[in-house]
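Here's the letter readout for the chains.
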Amino acid sequence: MLYIGKELQDRMDLLGLTVEEVADKTFLEEDVIMAIINNEMPLEDIDEFDFSLLCSVLHCQEDFFTNPEAREKDFLSASMNRGLDNEKSMNVKAKLQDFMNDFAFVTEILSEVK
């Protein structure tokens, strides 16, 4: 069984999000998020839709939690400690991350159309 508690907590810390804020934005119960963080709920038991909501709120792809290489290539993680990070800069970085994910998705779709 694969547990993602540490990665989830690290990502929330990176974005300055609390359990309450993540619960509010994902429509999940706080105790569900805490169960994931405390490694009481394996990845296999997390509903696919709920997991996609978590990834959306945390500005990452699903493989961020399962693939160390994906975490290394993550824009937000890679841009840490490069100047002063504050709430505004993290929001800009999160929007850039979302744009890059959307661009990659559109590029993939277009390549399938050809």
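Look above for the structure.
Presented here is a report on the structure given in the accompanying data block. (Residues numbered from 1 in each chain as written. Predicted model: local features only at pLDDT ≥ 70, side-chain atom pairs only at ≥ 80, totals over all residues. Heavy atoms only, no water.)

## Focus on the overall build of the protein chain
Definition in use: Each helix is a run of H or I in the DSSP string that is no shorter than four residues. Each strand is a run of E no shorter than two, and both are numbered from the N terminus. Relative accessibility under 20% of the residue-type maximum defines a buried residue, over 50% an exposed one, and the middle range a partly exposed one, all with a 1.4 Å probe and only protein chains included. Note on contacts: a residue pair is in contact if any heavy atoms of the two residues lie within 4.5 Å. To measure how exposed things are, a 1.4 Å probe is used in the Shrake-Rupley method; for residues, cover is taken only from the protein chains shown.
Secondary structure assignment for the protein chain yields 7 helices and 0 strands. In the protein chain, which comprises 114 residues, the share counted as buried stands at 37%. A separation of at least 24 residues holds for 55% of the contacts in the protein chain among residues at least 6 apart in sequence. Carbon and sulfur atoms form 55% of the exposed surface of the protein chain, whose accessible area is close to 7,600 Å².

## Considerations on helix 1 (residues 5-15)
Buried residues of helix 1: Gly5, Glu7, Leu8, Arg11, Met12, Leu14 and Leu15, and no others. Of the residues one or two after helix 1, glycine 16 is the one with positive phi, at around 70°.

## Section: a negative patch on the surface
Let me state the cut-off plainly: Patch definition: residues above 30% relative accessible area lacking any salt bridge, with like charges linked at up to 9 Å and the nonpolar side chains Val, Leu, Ile, Met, Phe, Trp and Tyr linked at up to 5 Å. Salt bridges are counted wherever a side-chain nitrogen of Lys or Arg sits within 4 Å of a carboxyl oxygen of Asp or Glu. Within this scheme the basic residues Lys and Arg register as positive and the acidic residues Asp and Glu register as negative, but His and the chain ends are omitted. In this description, the location of a charge corresponds to atom NZ of lysine, CZ of arginine, CG of aspartate or CD of glutamate.
Taken together, the side chains of Glu20, Glu21, Asp24, Glu29, Glu30 and Asp31 define an acidic patch exposed on the protein surface. Contributions of two or more residues to the negative patch are made by helix 2 (19-26) and helix 3 (30-37).

## Remarks on the pattern of salt bridges
Overall, the coordinates contain 3 salt bridges when judged by the stated rule. Where aspartate 74 meets arginine 11, a salt bridge forms, and the shortest distance between an N and an O atom there is 2.5 Å. Of this pair, aspartate 74 sits in the loop between helix 5 (68-73) and helix 6 (75-78) while arginine 11 sits in helix 1; the two residues are 63 residues apart in sequence, bridging distant segments of the chain.

So far we have only geometry, and geometry alone does not tell us how the molecule works.
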